[in-house]
Amino acid sequence: MPAVTVKDLESKSFDEPDEKRRPPMTQVDVVTLGGTTLGRFTFEPGWRWSETVKTVVHTDSCQVSHLGVCVAGTLTVELVDGGRMTIHAGDAYSIPAGHDAWVEGSETYVCYEVMSAAEYAKPE
C-alpha cells in the first residue's frame, strides 16, 4: 500500500466545517484537507442508526465502512451476522458495512472518522 502524502500546509476547524449533515439526533461535520475527507460524528443519547440515519439513507443496515477514534461516550455496533462490539472513549475502531449501532447510556457519543465521512448520512 502506498504511503499517503500531502502537498499543502492546511488547517480547518470542525466548528466551521465544509459540510454539515443533520439527520435526527445526529451531527456530521465534514472537512476536506489535501483531498482527504474527515468527519466529526456526534450522536445524542438515545441515538440508534436504524431509527435516525436510516431515515435519510433508506438502507436496511449501514452500508458504510468506518475507521476512526472515539473521544466521548459509548457506542455498541451489531453486524447483520450477529457480531457485536462496544466502543468507548479512547478506542480506535474499524467497522465493516452491514451493521446497526446505538449509543449506550446518557453521554453523547463523539468520534472522528477518516474513511466514511465523504458519504456517511448523506441523503440518497
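Residues numbered from 1 in each chain as written. Predicted model: local features only at pLDDT ≥ 70, side-chain atom pairs only at ≥ 80, totals over all residues. Heavy atoms only, no water.

Undergrad: Looking at this structure, I do not really get the sheet that holds strand E2 (residues 26-33). What am I missing?
TA: Note: strands within a sheet are paired through backbone hydrogen bonds, in either parallel or antiparallel orientation. Ordered in space as E1-E2-E3-E9-E4-E7, the six strands form an open sheet in which the pairing is antiparallel. Sheet topology places strand E1 (19-21) and strand E7 (92-95) at the edges, where each strand pairs with a single neighbour. Each strand axis lies, on average, 25 degrees off the axis of its neighbour in the sheet, ignoring direction. (Pairing = 2+ DSSP bridges. Helix = DSSP H or I, 4+ residues; strand = E, 2+ residues; numbered from the N terminus. Axes fitted to C-alpha atoms, helices over the stretch in contact; angles between N-to-C directions.)

Undergrad: Just checking my understanding: could you explain the environment of tyrosine 112 for this structure?
TA: Note on placement: tyrosine 112 falls in strand E9 (residues 109-113). Take tyrosine 112: its relative accessible area is 29%, and that puts it in the partly exposed class. Distance from tyrosine 112 to glycine 83, taken between C-alpha atoms, is 23 Å for residues 29 residues apart in sequence. Those residues in contact with tyrosine 112, other than ones at most four positions away along the chain, are Phe14, Gly39, Arg40, Leu67, Gly68, Val69, Val71 and Tyr93. (Buried < 20%, exposed > 50% of the residue type's maximum accessible area, 1.4 Å probe, protein only. Contact = heavy atoms within 4.5 Å.)

Undergrad: Got a minute to help me understand unusual backbone geometry in this structure?
TA: Leave glycine aside and you will find that most residues have negative phi; peptide bonds, for their part, are mostly trans. In this structure, histidine 58 is a non-glycine residue whose phi angle is positive, near 60 degrees. Tracing the chain through its elements places histidine 58 in the loop between helix H1 (54-57) and strand E4 (66-72). In this structure, alanine 121 takes a positive phi of about 65 degrees despite not being glycine. Mapped onto the fold, alanine 121 is located in the segment after E9. What makes alanine 121 buried here is its relative accessible area of 4%.

Undergrad: Is there a simple way to think about the packing of aromatic side chains in this case?
TA: The relative placement of two aromatic rings is captured by the distance of their centres and the angle of their planes. According to the stated counting rule, one finds six aromatic pairs in the structure shown. With centroids separated by 4.8 Å and ring planes inclined at 20 degrees, the aromatic side chains of phenylalanine 41 and tyrosine 120 adopt a geometry described as stacked. In this pair, phenylalanine 41 sits in strand E3 (residues 36-43) while tyrosine 120 sits in the segment after E9, placing the two residues 79 residues apart along the sequence. In this pair, the class of phenylalanine 41 matches that of tyrosine 120, namely buried. Between the aromatic rings of phenylalanine 43 and tyrosine 120, the centroid separation amounts to 6.4 Å while the plane-to-plane angle is 45 degrees, which identifies the pairing as tilted. You can see phenylalanine 43 sitting in strand E3 and its partner tyrosine 120 sitting in the segment after E9, a full 77 residues away along the chain. By relative accessible area, which is 3% here, phenylalanine 43 ends up buried. Take tyrosine 120: its relative accessible area is 3%, and that puts it in the buried class. Ring pairs connect the aromatic residues Phe41, Phe43, Trp47, Tyr109 and Tyr120, which therefore count as one cluster. (Phe/Tyr/Trp six-rings, centres within 6.5 Å; stacked < 30°, edge-to-face > 60°.)

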